[in-house]
Amino acid sequence: MLLFLRKLSRHKFAPTVSGLIIFLILLLKGVGFIFALCIGVALPISHFVLGKYLAMKRYDRLTQQIPETIRAIANAMKAGYSFEQAFIFVASESVDPIGTYLRNAVKEIEYNFSTDAVLTRLRNNANHRDIDLVVDGILMQHKIGGNLVEMLENIAYITSERMKLENELKVLTAQGRVSGVIVAMLFPISLFMFTMISREYVDVLYNTTIGQFFLVLAIELEIIGFKMIWNITHVKL
């Protein structure tokens, strides 16, 4: 069973399948339907939430690194480096996550791939709007000419100013985010407290069909409401 679950973990649908397997195992063990359902649903949801959280943290870290990386390339070009030389130098000094993308691009440059092809693959791999802007600007400069250093400095200024504005928005919407979390936690905390203290008040939710239906409906509405509050309080520029 463990080997089977380990193979499933390589695929995107693995958490859902694993949750279904755990749900069935708990039912066969004689565990209550609602408890087994909650455990089976919690696994894919927690996997999805954790994955989104880690991806968001990596994206935010990458956003913070991009302006300084662009300025470093522009400064190296001012010192007399070509774009390729400046790119390689900055890549050797950069830290993750942007350092990984830059060093992979440097390896492709060393294998004599064209700069335009390398930058295009870098944009596709990073999947970041600021990197898209930088790569599009460099590719356009290669085609029509212009002052590349000035263009990079302008892009660095724009991205840094947008980052400052996003930080201000996070401060202004912090109260809404906290309120959303508090409201979202009221239902599970209240249900847990009533279950522990006065079980007779909530037995109807666990032991009757109509109660189980409304319990599942309440959980779904809770998730939808939290998602709506999250979208409202997390503004993307």
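In this report, the structure presented in the accompanying data block is examined. Think of each chain on its own: its residues are numbered from 1, step by step along the sequence as written. Residue-level local features of this predicted model are given only where pLDDT is at least 70; pairs of side-chain atoms are given and counted only at 80 or more, and the full residue set underlies all totals for whole chains, interfaces and linings. Water and hydrogen atoms play no part in the side-chain values, which are based on all heavy atoms of the structure.

1. Describing the overall build of the protein
The following threshold applies: For the purposes of this entry, the term helix denotes a DSSP run of H or I that reaches at least four residues, the term strand denotes a run of E that reaches at least two, and both are numbered from the N terminus. Here the term buried applies to any residue with accessible area under 20% of the maximum for its type, exposed to any over 50%, and partly exposed to those in between, with areas from a 1.4 Å probe on protein chains only.
The number of helices and strands found in the protein is eleven helices and zero strands. Taking all 237 residues of the protein together, the buried fraction comes to 31%.

2. Regarding the nonpolar core
Burial of nonpolar side chains together is a common tendency in soluble globular proteins. Let me state the cut-off plainly: The nonpolar core is taken to be a set of buried Ala, Val, Leu, Ile, Met, Phe, Trp, Tyr and Cys residues, with the residues joined through side-chain atoms within 4.5 Å. We call two residues in contact whenever any of their non-hydrogen atoms come within 4.5 Å of each other.
The biggest cluster of nonpolar side chains holds 33 residues, and the ones touching the most others in it are Ile-73, Met-77, Phe-83, Phe-87, Leu-119, Ile-138 and Leu-152. When contributions to this core are tallied by element, the ones reaching two or more residues are α3 (33–78), α4 (83–93), α5 (98–110), α6 (115–126), α7 (129–144) and α8 (148–172). Per-element accounting of this core gives the leading share, seven residues, to α3. For Met-77, the residues in contact, after removing those within four places along its chain, are Ser-82, Phe-83, Ala-86, Leu-148, Val-149 and Leu-152.

3. Regarding the pattern of salt bridges
To be explicit about the condition: Should a side-chain nitrogen of Lys or Arg be within 4 Å of a carboxyl oxygen of Asp or Glu, the pair is scored as a salt bridge.
Scanning all chains against the criterion turns up eight salt bridges. The salt bridge involving Lys-78 is made with Glu-153; its shortest N-O contact spans 2.4 Å. Taken together, the residues span a long stretch of sequence, with Lys-78 in helix α3 and Glu-153 in helix α8 at a distance of 75 residues. According to the relative accessible area criterion, Lys-78 is exposed, its value standing at 55%.

4. Notes on the side chain of Gln-141
With respect to the secondary-structure elements, Gln-141 resides in helix α7. The buried category is assigned to Gln-141, whose relative accessible area is 16%. Gln-141 has contacts with Gly-146 and Leu-148, leaving out every residue within four places of it along the chain.

5. Re the packing of α4 against α5
The cut-off we apply is this: Axis lines are fitted through C-alpha atoms, for helices just across the contact stretch, and the angle between N-to-C directions can take any value from 0 to 180 degrees. An angle below 35 degrees is read as roughly parallel, one above 145 as roughly antiparallel, one from 65 to 115 as roughly perpendicular, and any other as oblique. With the far helix as reference, a near helix turned anticlockwise by less than a right angle produces a left-handed crossing, and one turned clockwise produces a right-handed crossing. Amino acid classes used here: Ala, Val, Leu, Ile, Met, Phe, Trp, Tyr, Cys and Pro are nonpolar; Asp, Glu, Lys and Arg are charged; the rest, including Gly, are polar.
Packing of α4 against α5 leaves a shortest axis separation of 9 Å and a crossing angle of 140°. The angle between α4 and α5 places the two elements in the oblique class. For the element pair α4 and α5, the recorded crossing hand is left-handed. Here Phe-87, Ile-88, Val-90 and Ala-91 of α4 come into contact with α5, specifically with Leu-102, Arg-103, Ala-105, Val-106 and Ile-109. Residues that form the contact of α4 with α5 fall into these classes: eight nonpolar, no polar and one charged.

6. Observations regarding helix α9 (residues 174–197)
This is how it is decided: To estimate the expected span of a helix, subtract one from its residue number and multiply by 1.5 Å.
The terminal C-alpha atoms of α9 lie 34 Å apart, and with 24 residues this matches the ideal 34 Å at 1.5 Å per residue to within 8%. Burial in α9 covers these residues: Gly-180, Ala-184, Leu-191 and Thr-195. Next to the buried residues of α9 lie α10 (199–207) and α11 (209–233).

7. Quick look at the environment of Leu-119
Tracing the backbone through its elements, the reader meets Leu-119 in helix α6. A C-alpha to C-alpha distance of 9.8 Å links Leu-119 and Glu-108, two positions eleven residues apart in sequence. Filtering out sequence-adjacent residues up to four positions away, Leu-119 remains in contact with Phe-83, Phe-87, Val-135, Ile-138 and Leu-139.

8. A closer look at the packing of aromatic side chains
Let me state the cut-off plainly: Any pair of Phe, Tyr and Trp rings, taking the six-membered ring for Trp, is counted once the centres come within 6.5 Å. Such a pair is stacked with planes under 30 degrees apart, edge-to-face with planes over 60 apart, and tilted for the rest.
One pass over the structure, following the stated rule, counts three aromatic pairs. Ring geometry for Tyr-81 and Phe-89: centres 6.0 Å apart, planes at 20°, overall stacked.

9. Examining the side chain of Gln-65
The topology assignment puts Gln-65 in helix α3. With relative accessibility at 8%, the residue Gln-65 sits in the buried group.

These figures capture arrangement, not role.
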